[in-house]
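Commentary on secondary and tertiary structure
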Amino acid sequence: MEKSQINLPESSPEELAAYVGKRVIVHGSIYKIRKMSGFCFVILRTARHMLQCVCDNKELIEGMAEESCVILTAKVAGESRARYGVELHMISIEYLSVPEAQMPIVINGKVVDTSLENKLDFRPLTLRNEKERAIFKIQEGLLRGFRRFFEKEHFTEIHTPKIVSEGAEGGANIFRLDYFGKEAYLAQSPQFYKQMMVGVFERVYEVGPVFRAEKHDTARHLNEYMGVDFEMGYIKSFSDIMEMEVKMLTMAFELLGQEYGEELALLGVELPKMQAWGNVPILKFSEAKRLVAEEFHREPKECHDFEPEEEKLLSELIKRKFGSEFVFVTHYPTGKRPFYVMEDPDSPGETFSFDLIFRGLEITTGGQRIHEYGVQVAKMLERGMDVKDFDSYLMMHKHGMPPHGGLGLGLERLTAKLLGFENIRQASLFPRDIHRLTP
Ligand code: AMO
């Protein structure tokens, strides 16, 4: 009889119907064995799917162990009760490996029923659970959507150094390194380098790790996270950047809807409706602060920034008033923004900057940058910075830069909020926080 090789990761499960009546060879891990009288159900975990198999061969059943890696030969049969409308009737099994130890934690239930700490401690195993791994397929989908958008908009992908001589974002949350006797740092963001590359490619993006030595243990901070950064030249205003972000998110959500339906359904996720640019609510920081204080009768403790609780309340208010889960907050006070951010000439003390808040959490910061050498140097001096330390950064300003701006988006924050998680760690494959360096 003719054998066909099914390559499941590439094909959509619906295509399996075409194989009914055929003999196939398929590899994967035995996820779950459910013994019945005289036969057993086996769920085979492939790169993306969970395939229902049936085995009535006593000898085959006896030797079977969960988490064995196998190559199955089987016949495909139609079965309306199975997830993809087909099941595999097992003919033979070739074992590639058999587990040596008992699973320390149950991974093949509907959910991994344990604390987040435990889930993270056993991450190489708990990620094998179908719901846990679905989180990271969705994260992959977001990035595919972003990349599709960047390609369409003619952005060049760049990779900038993560060992640097100066922090770009200021503040104390920077990791120090001994770099052959010199002091160096882990990059707090690709900020300087993405700006430099605007002078070369005009539009650039980077997806890469960002390091922040946050000493506090919160549900929204990691010490290493994935930054999605872009930067573009010849902008007319920083609202060009916000418009780009709306389009970028729209494209990513569309792609998720088209190609990640199975994972979204597994996690019970409904995609947010991103309004078209022009309809997404935009508020100035000072207005947003005032609105939250008035509506919720609270006295702000911090005047120059949002408290986490205020971001939550603002989202709640915007959803109620405008039906939007996204809100741009603009014109943050100069003192709270890094030295490269452009100040509004008509409103000194306010910057051409913004945050995007989604479901109560800041997922993005962006804005327009200072592109003129004299203005940038003056700003640095005003802040008591040593201009000489920034020679290589200032080279681009000195030799001509277009008006430009960009943004940085935290991938784990977006994923966590999209999937309704309280803790950002759930959306990081192997989170790094003050307590966690392994796995
Ligand atoms: P910012 O410092 O606001 O801006 O960072 C950008 C986005 O990164 C995410 N983020 C974090 N995610 C997880 N853990 C953390 N510790 C953490 N810190 C920040 C947030 C945030 O909105 N250079 C600017 C961006 C720009 O203007 O282009 C910057 O890095 O989602």
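Presented here is a report on the structure given in the accompanying data block. (Residues numbered from 1 in each chain as written. Predicted model: local features only at pLDDT ≥ 70, side-chain atom pairs only at ≥ 80, totals over all residues. Heavy atoms only, no water.)

**A short note on the nonpolar core**
Counting 51 residues, the largest nonpolar core has Phe146, Phe150, Phe230, Leu249 and Leu409 as the members making the most contacts within it. For this core, the elements supplying multiple residues, two or more each, are helix 4 (130-152), strand 11 (203-211), strand 12 (224-233), helix 6 (239-259), strand 14 (326-330), strand 15 (353-358), strand 17 (404-410) and helix 12 (411-419). Per-element accounting of this core gives the leading share, 11 residues, to helix 6. (Core = buried A, V, L, I, M, F, W, Y, C linked by side-chain atoms within 4.5 Å. Buried < 20%, exposed > 50% of the residue type's maximum accessible area, 1.4 Å probe, protein only. Helix = DSSP H or I, 4+ residues; strand = E, 2+ residues; numbered from the N terminus.)

**So, the site of the ligand**
Neighbouring the ligand are 23 residues; Glu169, Gln191, Lys194, Glu362 and Thr365 lie closest to it. At 2.5 Å, a side-chain N or O of glutamate 362 approaches an oxygen atom of the ligand. Look at the ligand: alone it shows 620 Å² of surface, and the protein chains cover 92% of it. Taken together, the elements giving at least two residues each to the shell around the ligand come down to helix 5 (191-201), strand 16 (361-368) and strand 17. Examining the composition of the shell around the ligand, we find that five residues originate from one element, strand 16, more than from any other. Considering only residue class, the shell around the ligand consists of six nonpolar, nine polar and eight charged. (Near = heavy atom within 4 Å. Polar contact = N/O pair within 3.5 Å; in protein donor to acceptor, adjacent residues only side chain to side chain. Areas by Shrake-Rupley, 256 points an atom, 1.4 Å probe, with all protein chains shown as cover. Nonpolar A, V, L, I, M, F, W, Y, C, P; charged D, E, K, R; others polar.)

**As for the state of the cysteines**
Applying the stated criterion across every chain yields a total of zero disulfides. Considering cysteine sulfurs only, cysteine 53 is the nearest to cysteine 69, which forms no disulfide, with 14 Å between them. (Disulfide = S-S within 2.5 Å.)

**Considerations on the pairing of strand 16**
When you tally the buried positions in strand 16, you get six out of eight residues, the bulk of the element. Judged from the six bridges that link them, strand 15 and strand 16 form a sheet pairing that is antiparallel. Within strand 16, the position partnered with serine 353 by the bridge is glycine 367. Linkage of strand 15 to strand 16, two consecutive antiparallel strands, is achieved through a turn of two residues, within which arginine 359 is found at a positive phi near 50°. Relative to strand 17, strand 16 is paired through five bridges, and the arrangement is antiparallel. Bridging from a neighbouring strand, glycine 367 pairs with glycine 406 of strand 17. (Pairing = 2+ DSSP bridges.)

**What about the sheet that holds strand 9 (residues 176-179)?**
One open sheet accounts for three strands, arranged 8-10-9; its pairing is antiparallel. One side of each edge strand has no neighbouring strand; the edge strands of this open sheet are strand 8 (163-164) and strand 9. Relative to strand 10 (residues 182-186), strand 9 is paired through four bridges, and the arrangement is antiparallel. Residue pairing in the sheet places arginine 176 in a bridge with tyrosine 185 of strand 10.

**A closer look at the side chain of asparagine 223**
With respect to the element layout, asparagine 223 can be found in the loop between strand 11 and strand 12. Side-chain polar atoms of asparagine 223 contact the backbone oxygen of arginine 212, separated by 2.7 Å. Within the structure, the side chain of asparagine 223 is placed 2.9 Å from the backbone oxygen of glutamate 214, a separation counted as a polar contact. Excluding anything up to four places from it in sequence, asparagine 223 contacts Phe175, Val210, Phe211, Arg212, Ala213, Glu214, Arg432, Asp433 and Ile434. (Contact = heavy atoms within 4.5 Å.)

**A word on the packing of aromatic side chains**
Under the definition given, this model contains 21 aromatic pairs. On the numbers, 4.4 Å between centres and 5° between planes, the contact of phenylalanine 326 with phenylalanine 358 is stacked. Of the two residues, phenylalanine 326 sits in strand 14 while phenylalanine 358 sits in strand 15, which places them 32 residues apart along the sequence. Each member of the pair phenylalanine 326 and phenylalanine 358 is classed as buried. Taking the centre distance of 5.5 Å and the plane angle of 80° together, the rings of phenylalanine 328 and phenylalanine 354 count as edge-to-face. Of this pair, phenylalanine 328 sits in strand 14 while phenylalanine 354 sits in strand 15, and the two are 26 residues apart along the sequence. Neither phenylalanine 328 nor phenylalanine 354 differs from the other in exposure class; each is buried. Taken together, the aromatic side chains of Phe149, Phe150, Phe155, Tyr205 and Phe230 make up a single cluster linked through ring pairs. Lysine 22 extends its terminal NZ or CZ atom over the ring of tyrosine 19, reaching a point 6.0 Å from the ring centre. (Phe/Tyr/Trp six-rings, centres within 6.5 Å; stacked < 30°, edge-to-face > 60°. Lys NZ or Arg CZ within 6 Å of the ring centre and 35° of its normal.)

**Let's talk about the sheet that holds strand 14**
Taken in spatial order, the eight strands make up an open sheet running 7-11-12-17-16-15-14-13, and their pairing is mixed. Both edges of this open sheet fall to strand 7 (156-157) and strand 13 (282-284), since each of them pairs with a single strand only. Strand direction decides the pairing type here: strand 12 and strand 17, joined by seven bridges, are antiparallel. Among the inter-strand pairings, glycine 233 is bridged to a residue of strand 17, identified as histidine 404.

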